[in-house]
Amino acid sequence: MNLTIDNLDFHQLVENSLNSILIVCEDQTIRYCNKAGLRLLNLTSLDQILNKKISQFLPPDLHDMCNEGLTRVIEKQEIIKEMDIKIIKNHGEFADVEIMTIPFYFENKVLAQVIIQDITKRKIAEKRLKDREKLASLGQLAAGIVHEVKNPLTAVKGFLQLIKESQNHPYLDTMESELEKALQTLQNLLQVSKPDLQDEPLILIDLCKELNSILLLFQEKLYSVEVEMDLRDSDKRFYGKKNLLLKSFFNLIKNAIEAIMADGKIKIEHYYHEGWIHIKVSDTGQGIPEEKLVILGTPFYSSKPDGTGLGLTQVYTTVHEHGGNISVQSVVGKGTTFHIQLPIKIN
Ligand SMILES: Nc1ncnc2c1ncn2[C@@H]1O[C@H](COP(=O)(O)OP(=O)(O)OP(=O)(O)O)[C@@H](O)[C@H]1O
Ligand SMILES: [Mg+2]
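Residues numbered from 1 in each chain as written. Chains lettered and ligands numbered in written order. Predicted model: local features only at pLDDT ≥ 70, side-chain atom pairs only at ≥ 80, totals over all residues. Heavy atoms only, no water.

Visitor: Tell me what's going on with the sheet that holds strand β1 (residues 20-24), and back it up with residues and numbers.
Guide: The strand order across the open sheet built from 5 strands is β2-β1-β5-β4-β3, with neighbouring strands paired in antiparallel fashion. Looking along the sheet, the strands with just one partner apiece sit at the ends: β2 (30-33) and β3 (80-88). Across this sheet, the average inter-strand angle for adjacent strands is 30°, counted without regard to direction. Relative to strand β5 (residues 109-118), β1 is paired through 5 bridges, and the arrangement is antiparallel. The partner of Ile-23 across the bridge, within β5, is Gln-113. The sheet strands contacting helix α3 (residues 63-75) are β1, β3, β4 (94-106) and β5, and the helix crosses β5 at an angle near 125°. (Pairing = 2+ DSSP bridges. Helix = DSSP H or I, 4+ residues; strand = E, 2+ residues; numbered from the N terminus. Axes fitted to C-alpha atoms, helices over the stretch in contact; angles between N-to-C directions. Contact = heavy atoms within 4.5 Å.)

Visitor: Go over the site of ligand 1, please, and point to the residues and values.
Guide: Neighbouring ligand 1 are 21 residues; Lys-254, Ser-302, Ser-303, Lys-304 and Thr-308 lie closest to it. A distance of 2.6 Å is found between an oxygen atom of ligand 1 and a side-chain nitrogen or oxygen belonging to Lys-254. The side chain of Thr-308 places a nitrogen or oxygen atom 2.4 Å from an oxygen atom of ligand 1. Coverage of ligand 1 by the protein chains reaches 93% of its 600 Å² of free accessible surface. When contributions to the shell around ligand 1 are tallied by element, the ones reaching two or more residues are α7 (242-259), α9 (311-321) and β12 (335-343). When residues of the shell around ligand 1 are assigned to their parent elements, the largest contribution, 5 residues, is made by α7. (Near = heavy atom within 4 Å. Polar contact = N/O pair within 3.5 Å; in protein donor to acceptor, adjacent residues only side chain to side chain. Areas by Shrake-Rupley, 256 points an atom, 1.4 Å probe, with all protein chains shown as cover.)

Printed below as a string of structure tokens:
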């Protein structure tokens, strides 16, 4: 093959480019559109775009800007670099794009070449990141407030006990138990948002044995849910914080059971591979929509009417504290798998 600048088929290069390319005249009509352009705009034939005004594919608030931009490019031969705008597709749907407009010289005339890149996916990813950051800072704020609220409540509890000693009243017991509940909620919140507060010692744990015993806690909920245990390499021991890990597995199994509306199945796997212990908790439940996957583990995200949204936060912080990784795969209507990897040696 002898590909040179002279025998390169430029038409094919432009026609099959992954970026959409349009050529626009000074009267704003579109004179050329490549295949990517048709795909981007959901068009099936060139008749739908050729000799049409470019403004037809732009929201009304961008028409003036488009006019002015084309004048700059065609009359002053300027280059307009990377502008993020919205375009209107064939069926009226909007798409986020980045456009660049440069002069295009043709038979002694100057036209405008518009190069368009679809950035819908990038925009969605940016939005998710922002949402996640927002929620994470909300979690930190909550942890700070918990600290402040816990101290006065603990003081009230102390005084309540003193009052009870001198004169008992039936309301005092209720007050004390309600206060205890509030303090417990605050403690839970603090634990999940600040894992470093726990000074639990590291011990060798038989994870297979623990997974079996946690399942017993759900006995009464398991009448309509089938459970499959596939626990391999059970001789491996993991050096970690037992209570934190047990709580994590509890939270994952609880979520799996809650995700199953009627009948369904849960599978719990344990195996060892190249220095890592793998634990998978899968369910055939309702699944998690793609846009929600990225915010899992963020404090307070819950789709359940009585959920705290702290279960997965506890799971994620515990796994990370042990030097592990966690990933989720989910298909709406089919089910979800949480995959945890824990390094067998912690440095
Ligand atoms: N296995 C799963 N299947 C489907 N959705 C899940 C699963 N696990 C978690 N989720 C989603 O993630 C959200 C957050 O879970 P998380 O455990 O943090 O809180 P919660 O379960 O809502 O409340 P809590 O754990 O306090 O009862 C859930 O509300 C649910 O929407
Ligand atoms: Mg939960």
